[in-house]
Amino acid sequence: MASCDVCNVCDSPGTFAGASDVAPVACNVRAFANDTFTFWRCPNCRSLHCREDADLERYYRAYPVKSHVLDFWARAAYRNLLRRLARAGLAGGMSILDYGCGPGLLVRFLGEQGFSSVTGYDAHVAEFADRAALDGTYDCVIAQDVIEHADDTRGFLLDLLKVLKPGGMLAIGTPNAAGIDLARPETFSLSLHPPYHRHLLSEQALLDLASSVGLEPLARYRRFYYDTLWPTVNYRFLRAYVRRAGNVLDAAFEPPRVGLVLTSPLLWAHALLGYFYPPRSEMMVVFRRRPPESA
Ligand SMILES: [Zn+2]
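Residues numbered from 1 in each chain as written. Predicted model: local features only at pLDDT ≥ 70, side-chain atom pairs only at ≥ 80, totals over all residues. Heavy atoms only, no water.

### Structural notes on the overall build of the protein chain
To keep things clear, this is the line we draw: Counting from the N terminus, the helices are the DSSP runs of H or I reaching at least four residues and the strands are the DSSP runs of E reaching at least two. Throughout, radius of gyration means the C-alpha value; the globule benchmark is 2.2 Å times the number of residues raised to the power 0.38. Categorising residues by exposure relies on relative accessible area from a 1.4 Å probe, with only protein chains included: less than 20% of the type maximum marks a residue as buried, more than 50% marks it as exposed, and the intermediate range marks it as partly exposed. Shrake-Rupley sampling with a 1.4 Å probe provides the accessible areas, and residues are treated as covered by the protein chains on show and by no other component. Positive: Lys, Arg. Negative: Asp, Glu. His and the chain ends are not part of the count. For the purpose of locating charges, the reference atoms are NZ of Lys, CZ of Arg, CG of Asp and CD of Glu.
A count of helices and strands for the protein chain gives 9 helices and 10 strands. Against the 2.2 N^0.38 benchmark of 19 Å for 295 residues, the protein chain shows a C-alpha radius of gyration of 18 Å, consistent with a compact globule. Relative to its full complement of 295 residues, the protein chain shows a buried share of 54%. As displayed, the protein chain has an accessible area near 12700 Å², and 53% of this comes from carbon and sulfur atoms. Distance between charge centroids for the protein chain: 7 Å, based on 31 positive and 31 negative side chains.

In structure tokens:
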């Protein structure tokens, strides 16, 4: 746990004292909605940092993501994520680690899709907290919505490398700080999400950091894997729905408020068409770890 006054992402780190892009941001989890934190942007790499320290164990005890279930919406989104991995070369028989797997929904989904060697690890979920999962190495490592939770971004990336085979595939999905406007923190509350999110990388900062540790990009996506053509299964809709449901993340994991959607022409429009105008605040980069001979 650490407060952050100096960028820990780039090689010419900017400081909080020298930052001009600064904003107070409220926690968007209902139990902690009165807690406010400061985000500031590194003038050099455009990454965003949560300035204040926090007792994260306390915050994770009431984390709404733990009640996520493998429903229609999750399956549609995971099919999308799997297509991205397949395009990058993921095939049956490969070993997969979902690092930061939460309640293990993607682990289950991949098992259902015929992948026989899928492991989940999550320090904050008892069922998946066994660090023995990190003793092995894998053909494919997935870290979806995880790197932004790490206090030490570079150290986290190095931890991922330890479990990735040479030539293996690493998929990092995370908010893109370059697509987040700090002047509108309520619009971007799902991406900012303090104090759980510690450091949000810009796309360039992620590419530079990854390159410095021997990762080369195979594919880049400037939209959330949650973006599909299925009605309501797109990030534009999700973000607007959550905002109208009190702007707390909890709403995304509670029973759907059908009345809220039916009475809002804007939510109708987003539900049907949101795929075509995605927010640019999310990204995924699929990397390949350079084999030793080309490192
Ligand atoms: Zn920086």
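Additional details are given in the paragraphs that follow.
### Describing the coordination of the zinc ion
Heads up, the rule is: Keep in mind that water is not among the atoms, so a site may look incomplete; donors are the N, O and S atoms within 2.8 Å of the metal, or 3.2 Å for Na, K and Ca. Note on geometry labels: four donors, all angles 85 to 135 degrees, give tetrahedral; four donors become square planar and six octahedral when opposite donors are over 155 degrees apart and every other angle is between 65 and 115; remaining cases are irregular.
With distances of 2.3 Å, the protein atoms coordinating the zinc ion are C7 (SG), C10 (SG), C42 (SG) and C45 (SG). Taken together, the 4 donor atoms coordinating the zinc ion and their angles of 106 to 111° define a geometry best described as tetrahedral. On the primary sequence, the residues serving as donors to the zinc ion are separated as C-x2-C-x31-C-x2-C. Taken together, the residues C7 in the segment before β1 (22-26) and C42 in the loop between β2 (36-41) and β3 (48-50) connect sequence positions 35 residues apart. Per residue, the accessibility class of C7 equals that of C42, and both read buried.

### Notes on helix α6 (residues 203-212)
Using the following cut-off: When checking whether two residues touch, look at their non-hydrogen atoms; a contact exists if any pair is within 4.5 Å.
Looking at α6, one finds that the buried residues are E203, A205, L206, L207, L209 and A210. At its buried positions, α6 is contacted by α4 (153-162), β7 (164-175), β9 (215-221) and β10 (282-289). G214 sits one or two residues past α6 and shows a positive phi near 90°.

### Considerations on the packing of helix α2 (residues 72-87) against helix α3 (residues 105-112)
So the rule is basically this: Where helices are involved, their axes are fitted lines through C-alpha atoms of the stretch in contact, as for all axes, and angles between N-to-C directions lie from 0 to 180°. Here the word oblique covers every angle except those under 35 degrees (roughly parallel), over 145 (roughly antiparallel) and from 65 to 115 (roughly perpendicular). Residues are grouped as follows: Ala, Val, Leu, Ile, Met, Phe, Trp, Tyr, Cys and Pro are nonpolar; Asp, Glu, Lys and Arg are charged; every other residue, Gly included, is polar.
Packing of α2 against α3 brings their axes to within 11 Å, and their N-to-C directions diverge by 70°. Classed by the angle they form, the pair α2 and α3 counts as roughly perpendicular. Residues R75, Y78, R79, L81 and L82 of α2 lie in contact with α3, whose contacting residues are L105, L106, R108, F109, L110 and E112. Its residues placed into classes, the contact of α2 with α3 shows 7 nonpolar, no polar and 4 charged.

### Considering the pairing of β2
The cut-off we apply is this: Here the rule is simple: two strands pair whenever DSSP picks up at least two bridges between them.
Burial of β2 is extensive: 5 of the 6 residues sit out of reach of the surface. Strand direction decides the pairing type here: β1 and β2, joined by 5 bridges, are antiparallel. For A26, the partnering residue across the bridge sits in β2 and is T36. Here β2 runs beside β3; their pairing, made up of 3 bridges, is antiparallel. Paired with W40 across the bridge in β3 is H49. Between β2 and β3, which follow one another and run antiparallel, lie 6 residues, and R46 among them has a positive phi close to 70°.

### Describing the environment of L134
Positionally, L134 belongs in the loop between β5 (118-121) and β6 (138-144). Accessibility expressed as a relative area gives 17% for L134, which makes it buried. With 91 residues separating them in the primary sequence, L134 and Y225 have C-alpha atoms 25 Å apart. Among residues more than four places away in sequence, those in contact with L134 are L97, Y99, Y121 and V163.

### Brief notes about helix α7 (residues 235-244)
Formally: Within 3.5 Å is the distance limit for a polar contact, defined as a pair of N or O atoms, with the added protein rule that one can donate a hydrogen and the other accept it, and that residues adjacent in sequence qualify only through two side-chain atoms.
Of all 10 residues that make up α7, 7 are buried, and the element is covered over most of its length. Every buried residue of α7 is accounted for by Y235, F237, L238, R239, A240, Y241 and V242. Of the surrounding secondary structure, the elements contacted by the buried residues of α7 are α5 (189-192), α8 (258-262), α9 (265-273) and β10. Two or three places before R236, at the opening of α7, N234 has a side-chain oxygen 3.2 Å from that residue's backbone nitrogen. Among the residues trailing α7, G246 stands out with phi positive, at a value near 100°.

### Some points on the nonpolar core
The test is simple: As used in this record, nonpolar core signifies buried Ala, Val, Leu, Ile, Met, Phe, Trp, Tyr and Cys residues forming a set joined through side-chain atoms within 4.5 Å.
Counting 64 residues, the largest nonpolar core has L110 and L192 as its most contacted members. If one sorts the elements of this core by residue count, α2 sits on top with 7 residues. Each residue touching L192, except ones within four places of it in the same chain, is listed here: V25, F39, L48, I180, L182, P185, H197 and L200. Counting 38 residues, the second-largest nonpolar core is a separate cluster that includes V141, L161, M283 and V285.

### What to know about the pattern of salt bridges
If charged atoms from side chains of opposite charge come close, those side chains can pair. Filter applied, for reference: Salt-bridge detection follows one rule: a side-chain nitrogen of Lys or Arg within 4 Å of a carboxyl oxygen of Asp or Glu.
The full count for this structure, using the stated rule, is 16 salt bridges. One salt bridge connects R30 with E254, and the closest N-O pair in it is separated by 2.7 Å. Taken together, the residues span a long stretch of sequence, with R30 in the loop between β1 and β2 and E254 in the loop between α7 and α8 at a distance of 224 residues. Residue classification places R30 among the partly exposed positions, given a relative accessible area of 40%. By relative accessible area, which is 28% here, E254 ends up partly exposed. The salt bridge partner of R223 is D227, with a shortest N-O separation of 3.0 Å. Of the residues examined, D227 reaches a relative accessible area of 2% and is grouped as buried. Among the ionic contacts, a cluster of salt bridges with common partners joins R30, E254 and R257.

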